[in-house]
Amino acid sequence: MSITFKGGIHPPQNKVFTKDKPILALPAPEEIIIPLSQHIGAPSKPIVEKGDRVTMGQRLSESEGFVSVPVHSSVSGKVKDIKPWPHFSGESVLSVIIENDGKDTPCREMPAHEDWENLSPDQIRGISREAGLAGMGGAAFPTVVKLSPPPTKQIDTVILNGAECEPYLTADHRLMLEYPDEIIEGLRMIMKTLGVEKSFIGIEKNKPDAIKVFKNKTEKFDNISVIGIKVKYPQGAEKQLIDAITGRKVPAGGLPFDVGCLVQNVGTAKALYDAVVRGKPLYERVVTVTGKTLNNPQNLMVRIGTPVRHLIDACDGTKDPIGKIIMGGPMMGIALYADEVPIVKGTSGILVFSVTEADLPREKPCISCARCVDVCPMKLLPNRIATLIENERFQETEEYGIFDCMECGSCTYVCPTKRRLLHYIKWGKDEIIKRRNKEK
Ligand code: SF4
Ligand code: SF4
């Protein structure tokens, strides 16, 4: 039986460039830029000033509100400035600029707990907030919030997401091969925090080596099962993963805890382990830097705040002039407008396209073939929604579930007339939110 969900697409994998490349530590650049907004939720507030000396791992901000986490310095050195800086969102975001002194003097603010099994759930939650943990699969939702479900929601299943279904990306694959013990311990910490007795690790079948490693490593745990799931995009999206592994359907507008599940990325589990056992805040992560035009694509361990340009240079530059840089994967990633944008906690990949590769075909009228409807994993009508938006009938799209769209891009990918369906949907969502705010 194939474990999967209904809908979805099969784009070329293109993982061959980096899947066998071990993770290499990228030396930190001379200047690091730490945005105060790296997660879903409120930006954090700076607690350092220009001229302050900081150590590696030192907290630079405090979180404002429940859905927020602090950021930390990824090098030791001096705060050169605090000012708006280009950000992946397309806007300029207040950021702490640090001049690296090259010494990597560590900060000892956070204690290490090798005996983590003696910690209480609240202590683990507190460490995850203190360490600035946010989901590392791309969404960057503060981990402490996921670990604190409402008391009315009973979670009985944790799913660790090792699907990595986006083409090109191999950061999670390499992490699973190189740090399986830490990931499994991180999963056990999540289970303990939520009082959950059952968990799954979902890995796409295009990573048989990772499936084998995890099956061997989890043999001694009765409550952890490793599941090989069908290779299909977007298999790693939370709702699709839950459906594939448990058969439970998250209702429209609902969240995983509505069906008793919590999903965490394998990178987040590793970061939780590092925070709890090593007292290490989240200040570095694995990034796949890839694309046919790069001379030497790599999986790099990168300090948060490193400008994208530095990663491209570390891959020996490109064969052809660069046409587009995408942060994330080709399906859900965001095209960057500047190569000085820094790596953040949710950056799983940097994808570089040449001018020729980035050249998009012209959009033509819809031919009502319904392919976009067939592949939509959320069972939406992307063609209908896009047409309403083109005609600026934004409000009506809510009846068609525009906010259930998870922006996977599958509809755009299959459209034979190259309609920019996802572009229209994003525009529609923005417009509806703007109008709602105006009314308020
Ligand atoms: S409508 Fe949204 S969820 Fe459906 S295929 Fe398009 S982008 Fe994905
Ligand atoms: S796939 Fe493209 S052409 Fe076909 S129905 Fe959808 S929008 Fe129209």
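Cut-offs used in this document
Residues numbered from 1 in each chain as written. Chains lettered and ligands numbered in written order. Predicted model: local features only at pLDDT ≥ 70, side-chain atom pairs only at ≥ 80, totals over all residues. Heavy atoms only, no water. Salt bridge = Lys/Arg side-chain N within 4 Å of Asp/Glu carboxyl O. Helix = DSSP H or I, 4+ residues; strand = E, 2+ residues; numbered from the N terminus. Buried < 20%, exposed > 50% of the residue type's maximum accessible area, 1.4 Å probe, protein only. Pairing = 2+ DSSP bridges. Near = heavy atom within 4 Å. Nonpolar A, V, L, I, M, F, W, Y, C, P; charged D, E, K, R; others polar. Contact = heavy atoms within 4.5 Å. Core = buried A, V, L, I, M, F, W, Y, C linked by side-chain atoms within 4.5 Å. Phe/Tyr/Trp six-rings, centres within 6.5 Å; stacked < 30°, edge-to-face > 60°. Domains from an automatic or database assignment. Buried area = accessible area lost by both parts, 1.4 Å probe. Polar contact = N/O pair within 3.5 Å; in protein donor to acceptor, adjacent residues only side chain to side chain.

1. Quick look at the pattern of salt bridges
Going through the model one piece at a time under the given rule, you end up with 25 salt bridges. Between aspartate 258 and lysine 153 there is a salt bridge, with the nearest N and O atoms lying 2.7 Å from each other. With aspartate 258 in the loop between helix 6 (238–246) and strand 11 (261–265) and lysine 153 in the loop between helix 2 (143–146) and strand 8 (157–162), this pair connects stretches of sequence that are 105 residues apart. Accessibility expressed as a relative area gives 33% for aspartate 258, which makes it partly exposed. With its nearest N and O atoms 2.9 Å apart, the salt bridge here joins arginine 436 to glutamate 398. With arginine 436 in helix 13 (residues 421–439) and glutamate 398 in the loop between helix 11 (382–390) and helix 12 (410–414), the pair connects residues that are 38 residues apart, well separated along the chain. Salt bridges sharing common partners tie together Glu182, Lys270, Asp274 and Arg278.

2. A word on the sheet that holds strand 7 (residues 92–100)
As summarised here, the arrangement of the four strands in space is 2-7-6-4, forming an open sheet in which the pairing is antiparallel. Edge positions in the sheet fall to strand 2 (31–35) and strand 4 (53–54), since each has one partner strand and no second. In this structure, strand 6 (residues 77–86) lies alongside strand 7, joined through nine bridges in antiparallel fashion. By the bridge assignment for strand 7, proline 86 is matched with serine 92.

3. As for the site of ligand 1
Taken together, 13 residues sit near ligand 1, with Cys376, Cys405, Cys408, Gly409 and Cys411 positioned nearest. Only helix 12 and helix 13 provide two or more residues apiece to the shell around ligand 1. For the shell around ligand 1, a count of residues per class yields ten nonpolar, two polar and one charged.

4. Considering helix 11
Buried within helix 11 we find Pro382, Asn383, Ile385, Ala386, Leu388 and Ile389. Of the surrounding elements, those touching the buried residues of helix 11 are helix 10 (371–375), helix 12 and helix 13. Downstream of helix 11 by a residue or two, glutamate 392 has a phi angle that is positive, lying close to 60°.

5. Observations regarding the nonpolar core
The biggest cluster of nonpolar side chains holds 44 residues, and the ones touching the most others in it are Val158, Ile183, Ile201, Ile203, Phe214 and Val276. Residues within four places of valine 276 in sequence aside, it is in contact with Pro111, Ala112, His113, Trp116, Leu119, Ile127 and Met189. Membership of the second largest hydrophobic core comes to 18 residues, among which are Val289, Met327, Leu336 and Ala338.

6. Observations regarding the packing of aromatic side chains
As enumerated under the stated definition, the model contains three aromatic pairs in all. Judged by centre distance (6.1 Å) and plane angle (15°), the ring pair of phenylalanine 17 and tyrosine 168 falls under stacked. Within this pair, whereas phenylalanine 17 is found in the segment before strand 1 (24–25), its partner tyrosine 168 is found in the loop between strand 8 and helix 3 (171–178), the two being separated by 151 residues in sequence. For phenylalanine 17, a relative accessible area of 25% puts it in the partly exposed group. Aromatic side chains phenylalanine 394 and tryptophan 427 sit 5.5 Å apart centroid to centroid with 75° between the ring planes, which places their arrangement in the edge-to-face category. Within this pair, whereas phenylalanine 394 is found in the loop between helix 11 and helix 12, its partner tryptophan 427 is found in helix 13, the two being separated by 33 residues in sequence. When its relative accessible area of 2% is taken as the criterion, phenylalanine 394 is described as buried. In this structure tryptophan 427 comes out as partly exposed when scored by relative accessible area, which is 30%.

7. Observations concerning the sheet that holds strand 12 (residues 284–290)
Paired through backbone hydrogen bonds, the strands of a sheet run either parallel or antiparallel to each other. Strand order in the open sheet formed by six strands is 1-13-12-16-14-15, with mixed pairing between adjacent strands. Strands with a single pairing partner mark the edges of an open sheet, and in this sheet they are strand 1 and strand 15 (334–335).

8. Side note on the domain arrangement of the protein
By domain assignment, the protein separates into domain 1 (120–278) and domain 2 (371–439). For domain 1 and domain 2, the distance between their C-alpha centroids amounts to 29 Å. With seven residues of domain 1 in contact, the opposing surface of domain 2 contributes six residues. Regarding the contact of domain 1 and domain 2, the summed buried area is about 490 Å², with carbon and sulfur atoms giving 56% of it. Of all residues in domain 1, Tyr233, Pro234 and Gln240 give up the largest surface area on contact with domain 2, accounting jointly for 63% of the area buried on that side. Here domain 1 and domain 2 share zero salt bridges between them. Linking domain 1 with domain 2 are three residue pairs in polar contact (both at pLDDT 80 or more). In terms of residue class, the side of domain 1 that touches domain 2 is made up of four nonpolar, two polar and one charged.

9. Details of the side chain of arginine 419
Secondary-structure assignment places arginine 419 in the loop between helix 12 and helix 13. Here arginine 419 falls in the buried class, since its relative accessible area comes to 6%. A distance of 3.0 Å separates polar atoms of two side chains, one belonging to arginine 419 and the other to glutamate 390. When neighbours within four sequence positions are excluded, arginine 419 is seen to be in contact with Glu363, Lys364, Pro365, Cys366, Asn383, Ala386, Thr387, Glu390, Thr412 and Tyr424.

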